[in-house]
Amino acid sequence: MPQTFQSRIQISSIILLVLLLALAIYFMWHTNGLMIAITLFLMCVVIEQIIHTEYRIADGILTIHRGRLMPEKRIEISSILRIERINRLRIGGHTLKSYIFITCANGRIETITPKNIDDFIAAISKIRNKE
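What you are looking at is a predicted structure, and each value in this text was computed from that prediction instead of being measured.

Observations concerning the environment of Arg56
Part 1 of the reasoning: For Arg56, the location among the structural elements is in strand β2 (residues 53-58).
Part 2 of the reasoning: As a C-alpha pair, Arg56 and Arg108 span 52 residues in sequence and 18 Å in three-dimensional space.
Part 3 of the reasoning: Setting aside anything within four residues of it in sequence, one finds Arg56 in contact with Gln3, Thr4, Ile61, Leu62, Thr63, His65 and Glu72.
Part 4 of the reasoning: A distance of 2.8 Å separates a polar atom in the side chain of Arg56 from a polar atom in the side chain of Glu54.

Laid out in structure tokens, this is it:
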């Protein structure tokens, strides 16, 4: 049965959106049409990635889907060597940024940010233990 995990919105993505919005307003003020179009296109790409990023686990394959404008990445769960949870940016005992660091057998490294990290690691571990 396939499992789907949604991505968590990162603070860095929000900051990037705010900067792109400020640039778009600046270019509108100076009537630079080409730069307005480029900035708005980049904003659409970032919003697409924020909204539609998901991680699917089905048939022993982890599929990382980062929106409609980016290609899917597929990782065989049997090729995963290590899954490491990393917590960064701690303030007052609270972790503001945490993600999963996946190391594969072919040297490939992926960083993902599912909403429920513990359930994601448990689902991967369950499939790895079956094999």
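Moving on from the coordinates now.
Observations regarding the pattern of salt bridges
Part 1 of the reasoning: Enumeration according to the criterion identifies nine salt bridges in this entry.
Part 2 of the reasoning: With a closest N to O distance of 3.0 Å, Arg68 and Glu48 form a salt bridge. One end of the pair, Arg68, is in the loop between β3 (61-66) and β4 (73-76); the other, Glu48, is in helix α2 (residues 33-52), and 20 residues separate them in sequence.
Part 3 of the reasoning: Given the relative accessible area of 63%, Arg68 is considered exposed.
Part 4 of the reasoning: Among the residues examined, Glu48 registers a relative accessible area of 12% and is labelled buried.
Part 5 of the reasoning: The salt bridge partner of Arg85 is Asp118, with a shortest N-O separation of 2.7 Å. Taken together, the positions of Arg85 in strand β5 (residues 80-91) and Asp118 in helix α3 (residues 117-130) put the pair 33 residues apart, joining distant regions of the chain.
Part 6 of the reasoning: Assessed through its relative accessible area of 39%, Arg85 is described here as partly exposed.
Part 7 of the reasoning: Residues joined by salt bridges that share partners form a network here, namely Glu54, Arg56, Glu72 and Arg74.

Observations regarding the nonpolar core
Side chains of a nonpolar character, in soluble globular proteins, are inclined to be buried together.
Part 1 of the reasoning: In this structure, Tyr55, Ile57, Leu62, Ile77, Ile102, Ile112 and Phe120 are the most contacted members of the largest nonpolar core, which totals 17 residues.
Part 2 of the reasoning: The element that contributes the greatest number of residues to this core is α3, accounting for five residues.
Part 3 of the reasoning: If sequence neighbours within four positions are ignored, Ile77 has contacts with Ile57, Gly60, Ile61, Leu62, Ile124, Ile127 and Arg128.
Part 4 of the reasoning: Grouped together as the second largest cluster of nonpolar side chains are five residues, Leu17, Leu20, Val46 and Ile50 included.

Things to note about the sheet that holds strand β1 (residues 3-6)
Part 1 of the reasoning: In spatial order, the strands read β1-β2-β3-β4; together these four strands make up an open sheet with antiparallel pairing. This sheet does not close on itself; its edge strands, each paired only once, are β1 and β4. For this sheet, the mean inter-axis angle between neighbouring strands, taken without regard to orientation, is 20°.
Part 2 of the reasoning: When β1 meets β2, the two strands line up antiparallel, connected through four bridges.

Let's talk about α3
Part 1 of the reasoning: For α3, built from 14 residues, the straight-helix expectation of 20 Å at 1.5 Å per residue is met to within 8% by its first-to-last C-alpha distance of 20 Å.
Part 2 of the reasoning: Residues of α3 that are buried: Ile117, Phe120, Ala123, Ile124 and Ile127. The buried residues of α3 all sit within an arc of 135° when viewed along its axis, so they share a single face. Exposed and facing more than 90 degrees away from the buried side of α3 are Asp118, Lys126, Asn129 and Lys130.

So, how was this worked out
- Residues numbered from 1 in each chain as written.
- Predicted model: local features only at pLDDT ≥ 70, side-chain atom pairs only at ≥ 80, totals over all residues.
- Heavy atoms only, no water.
- Helix = DSSP H or I, 4+ residues; strand = E, 2+ residues; numbered from the N terminus.
- Contact = heavy atoms within 4.5 Å.
- Polar contact = N/O pair within 3.5 Å; in protein donor to acceptor, adjacent residues only side chain to side chain.
- Salt bridge = Lys/Arg side-chain N within 4 Å of Asp/Glu carboxyl O.
- Buried < 20%, exposed > 50% of the residue type's maximum accessible area, 1.4 Å probe, protein only.
- Core = buried A, V, L, I, M, F, W, Y, C linked by side-chain atoms within 4.5 Å.
- Pairing = 2+ DSSP bridges.
- Axes fitted to C-alpha atoms, helices over the stretch in contact; angles between N-to-C directions.
- Expected span 1.5 Å × (residues − 1).
- Arc of directions from axis to C-beta.

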